[in-house]
Structures are given as C-alpha cells and as structure tokens.
Amino acid sequence: MTSEYLLRSLLMLILALFSANASNWLFLAKLSSVGSISEEETCERLKGLVQKQVQICKRNVEVMDAVRRGAQLAIDECQYQFRNRRWNCSTVDTLPIFGKVVAQGTREAAFVYAISSASVALAVTRACSSGELEKCGCDRNVHGISPEGFQWSGCSDNIAYGVAFSQSFVDVRERGKGSSSSRALMNLHNNEAGRKAILNNMRVECKCHGVSGSCEVKTCWKAMPPFRKVGNIIKEKFDGATEVEQRKIGTTKVLVPKNSQFKPHTEEDLVYLDPSPDFCDQDPRSGVLGTTGRYCNKTSKAIDGCELMCCGRGFHTEEVEVVDRCSCKFHWCCYVKCKQCHKMVEMHTCR
Ligand SMILES: *[C@@H]1O[C@H](CO)[C@@H](O)[C@H](O)[C@H]1NC(C)=O
Ligand SMILES: *[C@@H]1O[C@H](CO)[C@@H](O)[C@H](O)[C@H]1NC(C)=O
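In what follows, the accompanying structure is described. (Residues numbered from 1 in each chain as written. Chains lettered and ligands numbered in written order. Predicted model: local features only at pLDDT ≥ 70, side-chain atom pairs only at ≥ 80, totals over all residues. Heavy atoms only, no water.)

Considerations on helix α5 (residues 107-129)
Stated formally: A helix here means a DSSP run of H or I that spans at least four residues, while a strand means a run of E at least two residues long, and both kinds are numbered starting from the N terminus. Every helix has an expected span of 1.5 Å times one less than the residues it contains. Exposed residues in this analysis have more than 50% of their type's maximum accessible area, buried residues have under 20%, and partly exposed residues fall in between, with area computed by a 1.4 Å probe over protein chains only.
Relative to the 33 Å expected for 23 residues at 1.5 Å per residue, α5 spans 33 Å between its end C-alpha atoms, a close match to the ideal helical length. The buried fraction of α5 is high, at 20 of 23 residues. Within two residues after α5, G131 carries a phi angle of roughly 80 degrees, on the positive side.

What follows is the structure, encoded as structure tokens:
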C-alpha cells in the first residue's frame with residue numbers, strides 16, 4: 001500500500017518534471033518516419049509524448065505521420081525565422097528538443113508553442129486534403145456557385161479538422177496538471193494564437209478551365225496560407241509580444257498585461273511571462289549556446305550585425321572563396337546559361 005503510494009508519487013513527480021519541458025512531442029521530428037506507427041504499441045514507445053498524447057496516438061495512428069511532419073515543419077520554420085538572431089532556434093538531439101530555453105515562459109517559448117500548434121493543424125489538414133487519411137478529407141461544406149459567380153470545387157482545405165486535432169493533441173499537455181498555472185495559461189493562449197494565424201488567413205485559390213486557358217469556367221477552393229506566411233505572421237507577433245501576469249478575476253485566472261497602460265492583447269497576439277536572457281554567453285545550465293562562432297554582418301546595425309550579435313566581444317574576419325553563377329545569358333528558347341565565377345568574400349564570426 002505505502003510502496004504503491006510512493007511509486008505513484010514518484011511517477012507523478014517524473015511526469016511533472018517531464019511536462020515542464022516544452023513541446024516534447026516535437027521530438028517526433030527526429031524520427032525518419034512514423035509510417036512505422038502502424039501498430040498501436042508503437043505509440044507507447046514514441047519518445048516525448050505524455051500519457052494522454054499516447055492515448056490520442058492510439059486512437060489516431062494514421063494521423064501520426066502528419067504530426068511528425070508538422071513537428072519538422074515547426075523546427076525548420078523556427079530556424080528560418082530566427083536565423084539572424086542570437087538565439088537561432090537550435091535544437092538538441094535529446095529531450096527536451098530546444099534545450100532548456102523554452103522551459104522558461106519567454107517570448108522564444110511563446111514562438112515555439114505558437115508555431116508548433118500551427119504546424120500540426122496545417123500538416124494534418126494537408127493530409128486530409130491529399131486523401132491519405134480515412135478519418136477526414138476535403139471540406140465539402142463549401143460548394144455550389146459563389147456570389148462572385150465561380151464554382152466551388154468541393155475540395156476546400158478542412159482546416160476545422162486540423163485545428164481540432166491540434167487543440168486536442170497539442171493542448172492536452174496543458175490541461176489537467178495545474179491547468180490554471182500561469183505557464184499553462186500562457187502556453188494555451190500561444191497555441192491558439194498560432195492556429196489563428198492560419199484560420200484568419202485562409203484564402204481562395206482558383207483554377208481556370210476552358211479552351212486554351214480561357215477562363216470560361218473557374219473552380220475555386222478555400223486554401224491555407226503557405227507555411228512561410230504563417231511563420232512570418234507569428235514572427236511579427238513575437239516582435240510585438242505582450243508581457244503578461246496572472247490575475248484572478250472572480251474565480252477564474254486570466255493573463256493581463258503587466259503594464260496596465262498597454263492595451264490588452266488579442267487572441268492573435270503572443271504573450272510571455274518571463275524576460276529572455278541576452279543569449280550572449282554559453283550557459284549549459286539554461287541551455288544557452290552563446291554567440292561565439294556565429295556569422296555576423298559587419299555593416300548591419302540590426303541584431304544580425306556584428307556589434308549586437310557578438311555582444312561587443314568583437315569578431316574574426318576571414319576571406320573565403322565562394323562560387324557563384326554569373327554572366328548569365330538567356331538563350332532563345334528557353335534556357336539560361338551561366339558561367340561559374342569564383343570570388344573572395346569576407347566572412348565575420350563572433351569571438
Ligand atoms: C545556431 O547557433 C549555434 C551556435 O550558437 C550553431 O552551432 C548552430 O549551427 C546554429 N544553428 C543553425 C540552424 O543555424
Ligand atoms: C548586411 O547588412 C546590410 C545592411 O543591413 C545589407 O544591405 C546586406 O545585404 C547584408 N549582407 C549580408 C551578406 O547579408
């Protein structure tokens with residue numbers, strides 16, 4: 001009896017420690033494919049999932065490869081958006097995947113949560129549209145003739161399905177365990193903000209039919225924005241993120257701007273609780289790699305410039321040879337021929 005209790009407490013503690021590390025399911029991106037998730041037992045063996053996610057995995061085995069692709073999309077987009085910043089969204093090959101940086105409630109964590117929940121919604125929706133899943137297909141609710149006079153194709157992106165899946169799979173980490181903690185509220189808010197970046201930017205794409213490209217008949221469908229656009233939107237929200245704190249209003253806990261002079265954040269905005277470190281120096285304890293060895297731009301005054309990137313430590317300069325295409329000529333018809341040019345360029349790296 002007592003030993004069972006002890007074991008359970010220990011298990012809860014391990015689970016709590018585990019959950020404190022952000023978005024571990026992103027570890028799925030490290031798998032080459034989850035096509036091997038054809039067996040329910042595989043869900044048990046997937047690293048980085050909390051118990052409730054294992055259950056969702058078992059009920060939705062066929063969706064898991066889309067989730068894995070979503071995790072990869074999120075990581076790639078994060079590294080693209082942060083390529084010129086001190087924290088460049090570097091990952092580690094062990095759990096937690098972004099090091100300890102996103103364990104604190106920083107702006108960077110806000111970005112990671114938003115981009116990941118968006119990426120799952122997008123990847124699952126894409127899988128629905130492409131017909132690879134049995135549980136979902138196109139959204140056929142948009143059909144008939146539009147007021148503008150075009151024909152709906154009947155195969156719009158089923159964003160409602162992708163968003164609902166993301167809400168259950170990604171948000172489940174925050175529900176249950178201390179779901180009213182300020183960190184859980186922050187994560188849930190940013191998860192939703194990420195999905196809103198897709199939902200509020202759906203667009204209409206069309207295709208023309210008719211003799212030699214004439215547009216006698218136009219069929220259209222609702223489509224998600226490209227993921228790069230979603231990344232750009234969430235990055236803008238990162239730049240304008242609101243620092244918040246928890247307040248109790250009646251019996252519910254909510255996040256309100258720390259500075260009461262600021263206008264309240266909207267559902268689309270990112271929120272954070274803790275200021276970010278400066279990311280200048282290596283600090284294994286907090287998972288910060290530091291900027292030593294990072295490329296910087298000597299003429300830029302922005303964060304990618306050597307002054308800011310290197311935190312005033314200075315930089316090394318070396319000449320490196322780059323091969324480029326040059327003297328390109330257009331040949332009728334239709335190709336372009338270029339020469340290869342070798343040139344020397346200066347590369348700067350932080351001390
Ligand atoms: C990010 O920066 C670290 C050093 O701080 C470097 O080792 C790593 O290659 C960079 N990653 C990317 C994706 O640029
Ligand atoms: C460096 O920064 C300057 C000014 O912002 C910009 O014009 C230039 O293209 C940058 N160089 C590289 C190699 O990115």
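A closer look at the state of the cysteines
Stated formally: Any two cysteine sulfur atoms within 2.5 Å of one another count as a disulfide.
As enumerated under the stated definition, the model contains 12 disulfides in all. The disulfide partner of C296 is C306, and the gap between their sulfur atoms is 2.1 Å. Because the torsion about its S-S bond is 85 degrees, the bridge between C296 and C306 counts as right-handed. Pair noted here: C296 is in strand β7 (residues 295-296) and C306 is in helix α9 (residues 306-309), with a separation of 10 residues, a long-range link. Between the sulfur atoms of C310 and its disulfide partner C350 the distance amounts to 2.1 Å. Every disulfide takes its handedness from the sign of the S-S torsion; for C310 and C350 that torsion is -75 degrees, giving left-handed. Of this pair, C310 sits in the loop between α9 and β8 (315-331) while C350 is found in strand β9 (residues 335-350), placing the two residues 40 residues apart along the sequence. The pair formed by C310 and C350 is uniform in burial state, with each residue classed as buried.

Some details on the site of ligand 1
This is how it is decided: Note on terminology: near, applied to a residue and a molecule or strand, indicates that one of the residue's heavy atoms is within 4 Å of it. As used in this structure description, the phrase polar contact means that two N or O atoms lie within 3.5 Å; if the pair is within protein, one of them must be able to donate a hydrogen and the other to accept it, and residues adjacent in sequence are counted only when both atoms belong to side chains. Here the accessible surface of atoms and residues is derived via Shrake-Rupley with a 1.4 Å probe, and residues count as covered only by protein chains that are part of the display.
Every residue near ligand 1 is listed here: Q79, N88, L289, G290 and R294. Taking N88, its side chain carries an N or O atom lying 2.3 Å from an oxygen atom of ligand 1. In this structure, G290 approaches ligand 1 through a main-chain N or O atom, which is 2.9 Å from an oxygen atom. Across the complex, the protein chains shield 51% of the 360 Å² of accessible surface that ligand 1 would expose by itself.

Points about the sheet that holds strand β6 (residues 271-272)
For clarity, the cut-off: Pairs of strands are assigned from DSSP output, requiring at least two bridges between the strands.
Read from one edge to the other, the open sheet built from three strands follows the order β5-β4-β6, with strand pairing classed as mixed. Each edge of the open sheet is held by one strand with a lone partner, namely β5 (252-257) and β6. Sheet topology note: the strand β4 (residues 242-249)/β5 ladder contains six bridges and is antiparallel. Residue pairing in the sheet places R247 in a bridge with V254 of β5.

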